[in-house]
Amino acid sequence: MNLGDLGAEVIKVERPGTGDDTRAWGPPFAGTESVYFLSVNRNKKSIAINMKDSKGAKLIRELAAVSDVFVENYLPGKLAEMGLGYEDMKEIAPHIVYCSITGYGQTGPMVQRGGYDSIAAAVSGLMHITGYEDGEPVRPGVAMTDLATGLYTYGAIMAGLLQRYKTGKGLHIDCNLLSSQVACLTHVAANYLNFKIEGKRWGTAHGSIVPYQAFKTKDGYIVVGAGSDQQFVTVCKILNLPEVSKDSRYKNNTLRVQNRKELIDILSTRFSEKATIEWLQLFEGSGVPCGPINNMQQVFSDPQVLHNGLVMEMNHPTAGRIVVPGPGVRYSEFAVSHPKPPPLVGQHTVEILKGMLGYEDDAIEELLRTGAVAQHEVR
């Protein structure tokens, strides 16, 4: 999807009929389309191919031969059984950047397990460190492991294309949910690897910085992060707690972490005395990072969100007008491409067979008749 935002022609290969599993993930549905599917499939064309049919597998090889990048998320070895593995593709398309996305990698003891975001978030330790301190493990509100893997994949594909530009040769990229999420454990992992400090849940707080968390106000919450001793002094000044900033127990971050409970109790009591907007106004211009905990209505009414152009509108052939969050990056020398709506299953089958592969009408009719491919007719 991100590559499509940059102008790449992205072809989504789906099974005829039901297509991508996420098409059924709902409610809510916009008409018959899953809003989940619509949120992550802009800028793609869809070709519906029965890959178990030898004629369908042949089409995949032909598409690879005229493409730059091949992305697949099958269990390791499954595509090789169909003659569509990396070694097979390399023979007919030595230039191809072949990217495999799996749950656990291409080799190893868990290689044949399927992977979903929640399971990888659990196995990787992310759920263990997410949630309230004395509460149960919690799944993040969006599929952060999936998203992290997608972003790693995006960067890896770009690196693969640069490598091919230098050498003229393609390569195989192994991306997986487990590795992506373990790599994202950052300081929590380093704490354990270097000092055997076990990770724990901190709610909205931070294990190594105090104060750095949400505080309940009169009518909601405010998140405040004092990442330096000077910022802590400023926080105390805004809260009219000069004695706290001078207290020897809190004079640096290490001591504040050691005396976390006493300090947070003092700050929490003061934050509860005013409404969120009052605190935001007092913190404005202070140099101390802070913000409210917004719901979705507040997020998409936020003037900075609107200014950053983070909302994309498209006209979908059956769902009508749809609105999704757009890419989080802007470029000085070019604009991201105008978004194209997510496709229907097989919406572009005939177009791709004709335009990319040069198939004649009678050959396409035969493929349709035998069920090797399917075309969705947009009414």
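Residues numbered from 1 in each chain as written. Predicted model: local features only at pLDDT ≥ 70, side-chain atom pairs only at ≥ 80, totals over all residues. Heavy atoms only, no water.

Asks: Please give an account of the overall build of the protein that cites residues and values.
Replies: Within the protein, the secondary structure is distributed over 18 helices and 13 strands. With the principal axes as the frame, the protein shows a C-alpha extent of 85 × 45 × 40 Å. Relative to its full complement of 379 residues, the protein shows a buried share of 38%. Summing over all exposed atoms, the protein offers an accessible surface of approximately 21100 Å²; the carbon and sulfur share of this is 56%. Positive and negative side-chain charges of the protein, numbering 37 and 40 respectively, have mean locations separated by a distance of 5 Å. (Helix = DSSP H or I, 4+ residues; strand = E, 2+ residues; numbered from the N terminus. Buried < 20%, exposed > 50% of the residue type's maximum accessible area, 1.4 Å probe, protein only. Areas by Shrake-Rupley, 256 points an atom, 1.4 Å probe, with all protein chains shown as cover. Lys, Arg positive; Asp, Glu negative; His and termini not counted. Charge placed at Lys NZ, Arg CZ, Asp CG, Glu CD.)

Asks: Got a sec to walk through the pairing of strand β11 (residues 311-316)? Specific residues and values, please.
Replies: Across the two faces of β11 the burial differs, with Met312, Met314 and His316 buried and Val311, Glu313 and Asn315 not buried at all. The pairing of β11 with strand β12 (residues 320-325) spans 6 bridges and is classified as antiparallel. Across the sheet, residue Val311 finds its bridge partner in β12, namely Pro325. Connecting β11 to the next strand, β12, in antiparallel fashion are 3 residues. (Pairing = 2+ DSSP bridges.)

Asks: Break down the pairing of strand β4 (residues 44-49) for me, citing the residues and quoting the values.
Replies: Of all 6 residues in β4, 5 are buried; the element is thus mostly enclosed. Bridge count for strand β1 (residues 10-14) against β4 is 5 bridges, and the pairing is parallel. Bridge pairing in β4 links Lys12 to Ser46. As defined by bridge partners, β4 adjoins strand β13 (residues 373-374) across 2 bridges and the pair is classed as antiparallel. Bridge assignment links Ile49 to a residue of β13, and that residue is Val373.

Asks: Outline the packing of aromatic side chains, listing residues and values.
Replies: Tallied over the full model, the rule gives 8 aromatic pairs. Aromatic side chains Phe70 and Tyr98 sit 4.8 Å apart centroid to centroid with 20 degrees between the ring planes, which places their arrangement in the stacked category. Placement of the pair is Phe70 in strand β5 (residues 69-72) and Tyr98 in strand β6 (residues 97-102), with a sequence separation of 28 residues. Grouping residues by exposure puts Phe70 and Tyr98 together as buried. Arranged with centres 4.6 Å apart and planes meeting at 15 degrees, the rings of Tyr331 and Phe334 form a pair that is stacked. The rings of Phe215, Phe271, Trp279 and Phe283 are connected pair by pair, giving a single aromatic cluster. Taking the ring centre of Trp202 as reference, the NZ or CZ of Lys200 above it sits at 4.3 Å. (Phe/Tyr/Trp six-rings, centres within 6.5 Å; stacked < 30°, edge-to-face > 60°. Lys NZ or Arg CZ within 6 Å of the ring centre and 35° of its normal.)

Asks: Can you lay out helix α13 (residues 260-271) for me, pointing to particular residues and giving the numbers?
Replies: Under the 1.5 Å per step criterion, the end-to-end length of α13 is 16 Å for 12 residues, consistent within 8% with the ideal 16 Å. Considered for burial, the residues of α13 that qualify are Arg260, Leu263, Ile264, Leu267 and Phe271. Buried positions in α13, seen along its axis, are confined to an arc of 95 degrees and lie on one side of it. (Expected span 1.5 Å × (residues − 1). Arc of directions from axis to C-beta.)

Asks: A description of the environment of Thr149 should follow, citing residues and the corresponding values.
Replies: Residue placement: Thr149 occurs in helix α7 (residues 144-167). Residue Thr149 is classed as buried on the basis of its relative accessible area of 1%. Once the C-alpha coordinates of Thr149 and Gly103 are considered, the two residues, 46 residues apart in sequence, prove to be 9.9 Å apart. Beyond its immediate stretch of four places on either side in the chain, Thr149 contacts Ile101, Cys175, Asn176, Leu177 and Ser180. Reaching out from Thr149, the side chain makes a polar contact with the side chain of Ser180 at a distance of 3.3 Å. (Contact = heavy atoms within 4.5 Å. Polar contact = N/O pair within 3.5 Å; in protein donor to acceptor, adjacent residues only side chain to side chain.)

Asks: Which residues make up the sheet that holds strand β9 (residues 221-225), and what are the values?
Replies: Pairing within the open sheet is antiparallel, and its 3 strands lie in the order β8-β9-β10. The two strands at the open ends of the sheet, each matched to only one other strand, are β8 (212-216) and β10 (290-292). This sheet shows a mean twist of 20 degrees between the axes of neighbouring strands, independent of strand direction. Pairing geometry for β9 and β10, over 3 bridges, is antiparallel. Paired with Val223 across the bridge in β10 is Gly291. (Axes fitted to C-alpha atoms, helices over the stretch in contact; angles between N-to-C directions.)

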